[in-house]
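# A look at the structure
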Amino acid sequence: AYVSKSGGMSNELNNIVCRNSDGVYEGVAIGGDRYPGSRFLDHFLKYQDDPGAKILLLLGEVGGCDEYDLIEAKKSGRITKPVIAWCVGTCASCFATEVQFGHAGAQARGDTETAAAKNKAMAEVGFYVPESFDKLPETILEVYTKMVMEGAIVEKPEEVTPAVPLDYTWAKKLGLVRKPANFISSISDDRGEELKYGGMTISDVFSQNLGIGGVLSLLWFRKRLPQACCKFIEMILMVTADHGPAVSGAHNAIVTARAGKDLVSALVSGLLTIGPRFGGALDDAARMFKEAHDSGMSPKSFVESCKKHNKLIMGIGHRIKSLANPDQRVVIIKNFAKKHFGSTPVLDFACGVEQITTSKRANLILNVDGCIAVCFVDMIRSCGAFSPDEVEDLLSFGCLNGLFVLGRSTGFIAHYIDQLRLKQPLYRHPWDDITYIDNLAGQDDSKDVVMLKPKAQGVSSDAQGTGSSAGSDGGTIGEGGVGGPCSQGVCRVVRDTCTVA
């Protein structure tokens, strides 16, 4: 155990002791103040009574007289353990006058307070005092070895030194560790002098005229697809850009724009309608036709199987288009695939299904969603850029629906801009285009429901907002029943609080 005046020198004492003995039992630095909080004697008496401390080590300095208290304790027999001691500051004798060293108490105020005088006095009472500080390690080793040989110290096997983790900054500099990343990206890189898409610099993207289809292939598929594939992707974006203001997505975008919301809000409002009933069937259509074709089923067996299990054939059917009135978007996509793709087995299978379904009803054609879906499957299979597993992954990732979302976003933004250009006011749906139901079927409360025939010109009110007048949709109403607006101008009024005459 050691007691030192200097905290900084304690680090050196730890090193010296550990190199020349079995290690430090305990150590304390009391500081070099003129009036310290504790003194050498306080700690040495504690270590004298502690059986774990075998050798006592003192590192004093010039100034003060605490070392003399230890000398007296040694003379009186209070301290019996071996003491190794050294007072630094012996160089003070080289100066003509007394000098103040770093600590407040490090100045001799008399001959007895010099380092040399205290070292001499401690040696006279039996302390192990080296000739100089650089001899201190040898003195420690000498005393330690003697006590081991005498049996006063029984050496124990050295415990396994715990591994000290490397400093992270230093280890990173050496290349031994890397910082864990919160994100991983393999499609783009903006760290260098030039932005890269899929490993290709933006300059090369433009110099090689990749276009939107090429950029999308680099970012979505991490591959540079053949020119025909890139053109096909661009065709998908073009034919799905818009389909008029009446579809649910465009309708939402228009209503949101007229409510005074910003472009992003209008766009998101439209996008949130995309799903199984609107625009979100491409992935399902691709999966259904691909699995049916790959299973070896004939188109007829596929149709019969879907009918037997009451399953809708995704990508088949259109409200308006038919064999006599074909959808030109389907014609364009189908002709392009036949001309540029190596093979189109899934498209051929879908066309076979179309021949069967249209024999039952003329509008059960291969619609634009189905045509895009099957042609996309043929494209990624025949282009040679993807393995079978990669093809399955791309279809499961929702790439086809993603193409519809990307293309239709163009139209939603266009409708937003169009409404602002036309300065359209807030939209409120007209009352005469809404069927209000007070009682559901099976409830006997018919006296609260009144059927009124408004004037021939229809019912209108400023409070109803803008919209078609009653009867504009040409609907029909069954006897005793309630339907939508019709040419007769019949309106359903709930309860007797209505003031319409």
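My aim in this report is to walk through the structure given alongside it, one point at a time. Here the structure is a predicted model, which is why all the values come from computation and not from measurement.

## Thoughts on a nonpolar patch on the surface
A contiguous nonpolar patch, built from Leu166, Tyr168, Trp170, Leu174, Leu176 and Val177 and spanning about 600 Å² of accessible area, is present on the exposed surface. With respect to the helices and strands, the residue Leu174 is situated in helix α6 (residues 168-174). By relative accessible area, Leu174 is classed as partly exposed at 46%.

## Considerations on the environment of Thr201
Turning to its location among the elements, Thr201 is positioned in strand β7 (residues 200-201). Residue classification places Thr201 among the buried residues on the basis of a relative accessible area of 17%. Sequence spacing of Thr201 and Ser188 is 13 residues, and the spatial spacing of their C-alpha atoms is 9.5 Å. Leaving out residues up to four positions away in the same chain, Thr201 has contacts with Glu194, Leu195 and Lys196.

## A closer look at the pairing of strand β4 (residues 83-88)
Among the 6 residues in β4, 5 count as buried, and that is most of the element. Where strand β3 (residues 56-61) lies against β4, 6 bridges are found, and the strand directions are parallel. Bridge pairing in β4 places Glu61 opposite Val88.

## Considerations on the sheet that holds β7
Overall, antiparallel pairing links the 3 strands, which are arranged β5-β6-β7 in an open sheet. Only two strands of the sheet have a single neighbouring strand rather than two, namely β5 (188-189) and β7. The sheet contact formed by strand β6 (residues 196-197) and β7 spans 2 bridges and is antiparallel. Note on β7: the bridge partner recorded for Lys196 is Thr201.

## A closer look at the sheet that holds β4
Pairing within the open sheet is parallel, and its 4 strands lie in the order β2-β1-β3-β4. In this open sheet, the two strands that pair with only one neighbour each are β2 (27-29) and β4. Between one strand axis and the next, the sheet turns through 10 degrees on average, direction left out of account. Contacts between helix α1 (residues 7-20) and the sheet are confined to β1 (2-4), β2 and β3, with β1 contributing the most and set at about 150 degrees to the helix. Across the sheet, helix α5 (residues 136-150) is in contact with β3 and β4; its angle to β4 comes to roughly 170 degrees.

Calculation criteria
- Throughout this description, residue numbers start from 1 for each chain and increase along the sequence as written.
- Note on the predicted model: pLDDT of at least 70 is required for a residue's local features to be given, and 80 or more for side-chain atom pairs to be given and counted; whole-chain, interface and lining totals, by contrast, use all residues.
- Excluded from the side-chain calculation are hydrogens and water; included are all heavy atoms of the structure.
- Residues enter a patch when their relative accessible area is above 30% and they make no salt bridge; the linking distance is 9 Å between like charges and 5 Å between nonpolar side chains (Val, Leu, Ile, Met, Phe, Trp, Tyr).
- In short, Shrake-Rupley with a 1.4 Å probe defines the accessible areas, and a residue's cover is counted only from the protein chains shown.
- For this analysis, a salt bridge means a side-chain nitrogen from Lys or Arg found within 4 Å of a carboxyl oxygen belonging to Asp or Glu.
- Secondary structure counts use DSSP, requiring at least four H or I residues in a row for a helix and at least two E residues in a row for a strand, with both numbered from the N terminus.
- Partly exposed describes any residue whose relative accessible area lies between the buried limit of under 20% and the exposed limit of over 50%, with all areas from a 1.4 Å probe on protein chains only and scaled to the type maximum.
- It only takes one pair of heavy atoms within 4.5 Å for two residues to be counted as in contact.
- By the convention used here, strands pair only if DSSP detects at least 2 bridges between them.
- Geometry is summarised by axes, namely lines fitted to C-alpha atoms with helices restricted to the contacting stretch, and by angles between N-to-C directions that run from 0 to 180 degrees.

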